[in-house]
Amino acid sequence: MLFPLLHGCAPESAEESSAPATVTQESEATPGFRANPQALEKREVPTITVGSPAPDFNLPGSDGNMYSLADYADAEVLVLAFTANHCPTAQAYEQRLIDFQRDYADKGVQLVAISPNSPLGVLYEELGYTDLNDDYEVMQERAGYAGFNFPYLYDGDDHRTSLQYGPVATPHIFILDKDRVVRYTGRIDRSEKPGTAHAEDLRAATDALLAGREIAEPTTKTFGCSTKWAWKTEYNDQAREKWEARPVTLEKADVGKIEELVANQGGDKLRLINVWATWCGPCVLEYPEFLVLQRMYGARDFEFISVSADKPAAEDRALAFLEKVHSGVPNYLFTGQDIYELVEAIDPDWNGALPYTLLVAPGGVVVYRHQAEVDFLELKRAIVEHEMIGRVY
């Protein structure tokens, strides 16, 4: 997947600099609701038992509207699917939920997805199979990109609904009958891998209710990512401190070394290279977000490498910046006297303006190239949807 070149920073005076700032993913806010995740004290969360009246809810959808049980009063069967943006198991089942809603819509069945996860409980290191976190603001993006044909609701502020149902993992299914009594809790089917199952457990339970029969197995176990409750934050500081404790070095690289990095010969990782400089404002503004990518995908077949286009005499300044942003990745400083040799070594299609970003597979196959600041959602998708990474196990 190749992306077009855009304009970027042209070289400025080596005396100009810009302070680093953390960049967060931008997303258009949905109307009518503003998320405000709350810290909660730890508690036990039992799963509601079959035969219990279904607790009502009043939750915001990815479209910004509020939804409750009353909005689905006409449904003979209501299926609540507790799921998430980031979870690979949840993503593995998304198409099956879409197919289920399509096949059962004319039978009086409505599926409603609910994200129970608190954004406070999700680590960067848990996002290795996704392009999105579990924030409310990106749920609309997820619903649209995946093609959801059902509502997608958010319960990440205080878990008010999730605490009453007790989903242990994502995805976790709860099926309600016409009287809104819980008649099934558990898995969608027994096989996580896409293409190996067809939501057999979900369909069998729904068919039984529509036919007025008892569900043969009303309670099943469910495999997936554990629910990210708001009190699951004890690892956040530990993960940050561990990352910030990584040594930061700046290795010198001539043209031959740069060509070697780009060629990625014999490598076994998808390699992301960002060329930047301390005098380039957009470079230093977006740079911390590249480190987020390393934290997200670094446990998989992925690595991020930085290349400074600062002059060799500015080595101390480049290193100081890298230390300030905790760039504990392979960092290189181009030592050649002719900057155009760097441009040609990185990518002959690059016209030389900074920043410049290149994603190469082993053997130097270019997956993504972009001049100027990147769209990090686009870049994350180029990474996670590459055959070496993937959204599911």
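Above this text you will find the structure in question.
Notes on the structure in this doc start here. (Residues numbered from 1 in each chain as written. Predicted model: local features only at pLDDT ≥ 70, side-chain atom pairs only at ≥ 80, totals over all residues. Heavy atoms only, no water.)

The subject of this paragraph is the sheet that holds strand E7 (residues 172–176). Spatially, the five strands line up as an open sheet ordered E5-E4-E3-E7-E8, and their pairing is mixed. The sheet terminates laterally at strand E5 (152–154) and strand E8 (182–186), the two strands that pair on one side only. Taking each pair of neighbouring strands and ignoring which way they run, the sheet shows an average axis angle of 20°. In terms of strand pairing, E7 meets E8 through four bridges, oriented antiparallel. Residue Phe174 lies in a different strand from E8, and its bridge partner there is Thr185. Along the sheet face, helix H1 (residues 88–104) touches strand E3 (77–82), strand E4 (109–115) and E7 and points at about 155° away from the line of E4. Helix-sheet contacts for helix H2 (residues 139–146) involve E4 and E5, and the interaxial angle to E5 is about 165°. (Pairing = 2+ DSSP bridges. Helix = DSSP H or I, 4+ residues; strand = E, 2+ residues; numbered from the N terminus. Axes fitted to C-alpha atoms, helices over the stretch in contact; angles between N-to-C directions. Contact = heavy atoms within 4.5 Å.)

On to the pairing of E7, then. The element E7 is largely enclosed, with a buried count of five among its five residues. Burial along E7 is two-sided: His172, Phe174 and Leu176 facing one way and Ile173 and Ile175 facing the other are all buried. As defined by bridge partners, E3 adjoins E7 across five bridges and the pair is classed as antiparallel. Within E7, the residue paired with Val79 across the bridge is Ile175. Between E7 and E8, which follow one another and run antiparallel, lie five residues, and Arg180 among them has a positive phi close to 60°. (Buried < 20%, exposed > 50% of the residue type's maximum accessible area, 1.4 Å probe, protein only.)

Now for the packing of aromatic side chains. When we look at a pair of aromatic rings, we describe it by the centre distance and by the angle of the planes. Evaluation of the coordinates by the stated rule reveals 20 aromatic pairs. Centroid distance Trp229 to Trp231: 5.4 Å. Interplanar angle 5°. Geometry classified as stacked. The same class applies to Trp229 and to Trp231, which are both buried. Here Trp350 and Tyr356 contribute two aromatic rings whose centre-to-centre distance is 4.7 Å and whose plane-to-plane angle is 10°, an arrangement assigned as stacked. An aromatic cluster is present here, built from Trp276, Tyr287, Phe290, Phe304, Phe321 and Phe376 joined pairwise through their rings. (Phe/Tyr/Trp six-rings, centres within 6.5 Å; stacked < 30°, edge-to-face > 60°.)

Another point: the sheet that holds strand E13 (residues 331–334). Taking strand neighbours across the sheet as the criterion, the six strands line up as E10-E13-E12-E11-E14-E15 in an open arrangement whose pairing is mixed. Strands with a single pairing partner mark the edges of an open sheet, and in this sheet they are strand E10 (251–253) and strand E15 (365–371). If you compare each strand with its neighbour and ignore which way they point, the axes differ by 25° on average. Pairing between strand E11 (residues 270–276) and strand E14 (residues 356–361): five bridges, direction antiparallel. Paired with Asn274 across the two strands is Thr357, which belongs to E14.

Let us now look at the nonpolar core. In terms of nonpolar packing, the biggest core is built from 60 residues, with Leu293, Phe302, Ile346 and Leu354 touching the most fellow members. Considering every element that reaches this core, the biggest residue donor is helix H7 (residues 281–297), with nine residues. When neighbours within four sequence positions are excluded, Phe302 is seen to be in contact with Lys269, Leu270, Leu272, Leu293, Gln294, Tyr297, Leu359, Ile383 and Ile389. Core analysis: the second largest hydrophobic core is formed by 30 residues, Phe33, Ile175, Ala199 and Leu209 among them. (Core = buried A, V, L, I, M, F, W, Y, C linked by side-chain atoms within 4.5 Å.)

Packed helices, taken two at a time, are described by their axes: the angle between them and the distance between them. Contact pair H7 / helix H10 (residues 376–384): the axes reach a minimum separation of 12 Å and the direction vectors enclose 25°. The angle between H7 and H10 places the two elements in the roughly parallel class. Crossing handedness for the pair H7 and H10: right-handed. Residues Glu286, Glu289, Phe290, Leu293, Met296 and Tyr297 of H7 form the contact with H10, whose participating residues are Phe376, Leu379, Lys380, Ile383 and Val384. Split into classes, the residues belonging to the contact of H7 with H10 amount to eight nonpolar, no polar and three charged. (Parallel < 35°, antiparallel > 145°, perpendicular 65-115°, else oblique. Left-handed = near helix turned anticlockwise from the far one by under 90°. Nonpolar A, V, L, I, M, F, W, Y, C, P; charged D, E, K, R; others polar.)

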